[in-house]
Amino acid sequence: YYVDRLDERYQLDALNELINAFGALHRWSKVQELSEKLKVKATIHYELNGRRKQEETKRPIVFYILYSDLAAGSACYHLKDYDNALKYVSLYADISWVKDPNQDEILVINQFQEWAEANRYIYQLMAGQFEVLPSYLNYISTKENEIFPALCDIVTAANRYDEDIDYVLEQYQSYFTYQEQSNRIGKVSKQVTDDRYLRLLADLGAYYLKKDEYYKGLGFVLDSLRFSIEISSGRGMLRGIGLFEQYRDYATDTAKQQYKMIISEVQKLNEEKVGFADSYM
């Protein structure tokens, strides 16, 4: 509610940060609402001022227009509305409206062109069109920055449609560790990277458990629980606990002991939160 009270020059970046925050919280209807607001404000600014005054924002104005469509498409994707997600891909792939782009704007445009191509593959995979997977793998093989986010979504899609992707995971297993992400136009938000990495760990756990590879699967589940505690993700903790309890009978004594220690950490975290709340009542 405070965004509209800010000076106009700060509003675009404020909306951009809020979109990332609500995305990390999986509040997709809010992401859609804020994306529409960002699109309107950024478009008006561009039509009135062109690229003038862009030194008052962190990025060129065209970024905010394109990002609003990217975020709206991402929200549709998470809501499993793949047809509309693909429509948004077409919007941020189209840059015919940009007037005589300068070097900074060209950098932004090229990044969104890459994202459009990658997301088109992902949305097709999520709709069950696994015939595009070889083309997608060929695409990311030459784009280092696209491999980690691609893996996150490929594993999610494989779980949804019970597809075997062992050959993909063997090829890219070095990307199973946490790494800060960046692209042509800067560093990826920590919230976005944390959310993706947590999802990857839990999805890898679910994938291997479905294949009866219990030792490997529960190892990833425990890793997801540890990371959930690290970033205070209640959603991640609930999913990890649910997965472990479902396959508890297949866990080794060592895994059960590790799980017990993790649960004690979760309880301690909850007690600290309750104590903090009580001190202000």
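Residues numbered from 1 in each chain as written. Predicted model: local features only at pLDDT ≥ 70, side-chain atom pairs only at ≥ 80, totals over all residues. Heavy atoms only, no water.

Right, let's get into the pattern of salt bridges. Applying the stated criterion across every chain, the model contains 13 salt bridges. We note a salt bridge from Asp162 to Lys210, for which the minimum N-O separation is 3.6 Å. Highlighted residues: Asp162 in the loop between helix 7 (144–161) and helix 8 (166–171) and Lys210 in helix 9 (residues 190–210), separated in sequence by 48 residues. With a relative accessible area of 61%, Asp162 lands in the exposed category. (Salt bridge = Lys/Arg side-chain N within 4 Å of Asp/Glu carboxyl O. Helix = DSSP H or I, 4+ residues; strand = E, 2+ residues; numbered from the N terminus. Buried < 20%, exposed > 50% of the residue type's maximum accessible area, 1.4 Å probe, protein only.)

The next subject is the layout of surface pockets. By volume, the second largest pocket is sized at about 200 Å³. Taken together, Tyr1, Tyr2, Val3, Asp4, Leu15, Leu18, Phe22, Lys30, Glu33, Leu34 and Lys37 form the lining of the second largest pocket. Contributions of two or more residues to the lining of the second largest pocket are made by helix 1 (8–24) and helix 2 (28–49). Broken down by element, the lining of the second largest pocket gets its largest block of residues, 4 residues, from helix 2. Broken down by class, the residue content of the lining of the second largest pocket amounts to 7 nonpolar, no polar and 4 charged. (1 Å grid on protein atoms, 1.4 Å probe; cavity = no way out; pocket = protein on both sides within 12 Å on 5 of 7 lines; lining within 4 Å. Points joined across faces, edges and corners; volume = space filled by probe spheres on them. Nonpolar A, V, L, I, M, F, W, Y, C, P; charged D, E, K, R; others polar.)

Right, let's get into the nonpolar core. Generally speaking, soluble globular proteins have nonpolar side chains that are buried together. Among the nonpolar cores identified, the biggest contains 72 residues, and Tyr92, Phe112, Leu125, Tyr136 and Ile165 are the most heavily contacted of them. At 12 residues, helix 3 (residues 61–78) tops the list of elements feeding residues into this core. Not counting residues within four places of it along the chain, the set of residues in contact with Ile165 comprises Leu133, Ile154, Val155, Ala158 and Tyr207. Core analysis: the second largest hydrophobic core is formed by 19 residues, Ala206, Leu225, Tyr247 and Ile263 among them. (Core = buried A, V, L, I, M, F, W, Y, C linked by side-chain atoms within 4.5 Å. Contact = heavy atoms within 4.5 Å.)

A few words on the confidence of the model for the protein. Residues with a pLDDT of 70 or more make up 93% of the protein, whose mean pLDDT is 90. Counted against residues more than four places away or in other chains, residues 276–281, with its pLDDT under 50, gives 0 contacts. (pLDDT = per-residue confidence, 0-100.)

Here we come to helix 11 (residues 234–246). For helix 11, spanning 13 residues, the distance from its first C-alpha to its last is 18 Å, which sits close to the expected 18 Å at 1.5 Å a residue. Those residues of helix 11 that fall on the buried side of the exposure criterion are Gly236, Met237, Gly240, Leu243 and Phe244. Projection of helix 11 onto a plane perpendicular to its axis shows the buried side chains occupying an angular sector of 135 degrees, all on one side. For helix 11, exposure combined with an orientation more than 90 degrees from the buried face picks out Leu238 and Gln246. (Expected span 1.5 Å × (residues − 1). Arc of directions from axis to C-beta.)

This next bit is on the environment of Glu265. With respect to the element layout, Glu265 can be found in helix 12 (residues 253–278). Residue class for Glu265 comes out partly exposed when judged on its relative accessible area of 36%. Through-space distance from the C-alpha of Glu265 to that of Asp223 is 14 Å; in sequence the pair is 42 residues apart.

The next subject is unusual backbone geometry. For Asp100, which is not glycine, the phi dihedral falls at a positive 45 degrees. Here Asp100 is to be found in the loop between helix 4 (82–93) and helix 5 (103–126). A positive phi angle, near 55 degrees, is found at Asp162, a position not held by glycine.

Here Ser228 lies in helix 10 (residues 214–231). By relative accessible area, Ser228 is classed as buried at 0%. When near neighbours in sequence (up to four residues on either side) are disregarded, Ser228 contacts Leu198, Ser233, Gly236 and Met237.

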